Structures are given as C-alpha cells and as structure tokens.
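Architecture and fold: a report
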Amino acid sequence: MNIISSRMHGIIDYLLILFLVASPTLFKMEGALCSITYTLAAVHLLLTILTNFELGLVKLIPFRIHGLLELVVAIVLGCLSFWFYKNANVTGFYFYMFLAIAIMIVFILTDFKSSPANVKNVN
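Residues numbered from 1 in each chain as written. Predicted model: local features only at pLDDT ≥ 70, side-chain atom pairs only at ≥ 80, totals over all residues. Heavy atoms only, no water.

**Examining the overall build of the protein chain**
Check the secondary structure of the protein chain and you find 4 helices and 2 strands. In sequence order, the protein chain lays out its α and β elements as α-α-β-β-α-α. For a compact globule of 123 residues, the expected C-alpha radius of gyration is about 14 Å, and the protein chain comes in at 15 Å, within 12% of that figure. Dimensions of the protein chain along its principal axes, counting C-alpha atoms only, are 45 × 30 × 20 Å. The buried share among the 123 residues of the protein chain stands at 39%. Within the protein chain, contacts between residues at least 6 apart in sequence are counted, and of these 65% link residues at least 24 apart. If you sum the accessible surface of the protein chain, you get close to 7,200 Å²; carbon and sulfur atoms cover 73% of it. The average position of the 7 basic charges and that of the 5 acidic charges among the side chains of the protein chain differ by 4 Å. (Helix = DSSP H or I, 4+ residues; strand = E, 2+ residues; numbered from the N terminus. Rg over C-alpha atoms; globule rule 2.2 N^0.38 Å. Buried < 20%, exposed > 50% of the residue type's maximum accessible area, 1.4 Å probe, protein only. Contact = heavy atoms within 4.5 Å. Areas by Shrake-Rupley, 256 points an atom, 1.4 Å probe, with all protein chains shown as cover. Lys, Arg positive; Asp, Glu negative; His and termini not counted. Charge placed at Lys NZ, Arg CZ, Asp CG, Glu CD.)

**Brief notes about the packing of aromatic side chains**
Summed over all chains, the structure comprises 12 aromatic pairs. With a centroid separation of 4.9 Å and 45° between ring planes, the pair formed by Phe63 and Phe112 is classed as tilted. With Phe63 in helix H3 (residues 63–86) and Phe112 in the segment after helix H4 (90–109), this pair connects stretches of sequence that are 49 residues apart. For the pair shown, Phe63 and Phe112 are each scored as buried. By relative accessible area, which is 14% here, Phe112 ends up buried. Pairwise contacts between aromatic rings join Phe19, Phe27, Trp83, Phe84, Phe95 and Tyr96 into one cluster. (Phe/Tyr/Trp six-rings, centres within 6.5 Å; stacked < 30°, edge-to-face > 60°.)

**Quick word on the layout of surface pockets**
Space inside the largest pocket adds up to approximately 160 Å³. Looking at the largest pocket, the residues that line it are Ile12, Asp13, Leu15, Leu16, Phe19, His44, Glu70, Phe98, Leu99, Ala102, Ile103 and Val106. For the lining of the largest pocket, the elements supplying multiple residues, two or more each, are helix H1 (6–26) and H4. When grouped by side-chain class, the residues that make up the lining of the largest pocket number 9 nonpolar, 1 polar and 2 charged. (1 Å grid on protein atoms, 1.4 Å probe; cavity = no way out; pocket = protein on both sides within 12 Å on 5 of 7 lines; lining within 4 Å. Points joined across faces, edges and corners; volume = space filled by probe spheres on them. Nonpolar A, V, L, I, M, F, W, Y, C, P; charged D, E, K, R; others polar.)

**A closer look at H1**
In a regular helix each residue adds 1.5 Å, so 21 residues correspond to 30 Å; H1 covers 29 Å between its end C-alpha atoms and thus fits that length. Maximal helix bending in H1 amounts to about 25°, located at Leu20; proline Pro24 follows within four positions. Looking at H1, one finds that the buried residues are Ser6, His9, Gly10, Asp13, Leu16, Ile17, Leu20, Ser23 and Pro24. Residues of H1 that are buried in the fold lie against helix H2 (31–49), H3 and H4. A positive backbone phi angle near 50° is found at Lys28, which sits one or two residues after H1. (Expected span 1.5 Å × (residues − 1). Bend = angle between axes of the 7 residues up to and from the residue.)

The analysis is restricted to geometry; functional conclusions fall outside its scope.
Right under this line is the structure:
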C-alpha cells in the first residue's frame, strides 16, 4: 500500500528534521542522547538535500536508495533504543523506539517509484 508520494515523503523528511532539532529541548535530553539526536538530524538533512526527488536540492542519491538508507536507519534506531534501555535511559528508549517505528511506517507506505526520473536541478 504505497500511499505516500515522493513529494509528501520529502515534506515528512523536513518535518522529521525539525522535530529532531527541537527534541533535545522538548524532551530535556542530555549527553549521548542529545548528541545522537542532533547528529541524526544533520545526517537526515544531508540525505534529504542530496536525494533526487522534488524536494532534494542537489539530487545525487536516487530516491530508492534514500528509502533503503531510511530502512537501515530505522533498524539501527530500534537497536539503539534497546541500548538506551539497557543503560537505564527511559527517554532514549521510548524516543528511539517511536522514531524507528515511525520511519518504518513511512518507508512501508512510500511509493518509491513515484519520484520523477532524473529530476533536474533548476539553477
């Protein structure tokens, strides 16, 4: 069931980046949890900017590869959440488990064939 277009996926990506940037303040994150969250925001921004879809700016990474990278990130975040659990960081556990599930849902619902082939940079 691919109901999310590439354009909508891009909007979701930019909203996720804003959420990640705001999260350390919103959830009073400290230490590794805060650092990892900001790093994830920066990496996701770079991935989104470099993706070849309507909302990408440089258009180097094929949209399907973007999706596969997000799938890997979702799996890694799920594992990371258990690391936070093991280290008695309940906020980290729930935050990254929620994030992993949300990214996985977006991955499952996205139509990775919907991106126009070879979107040109309009500069």
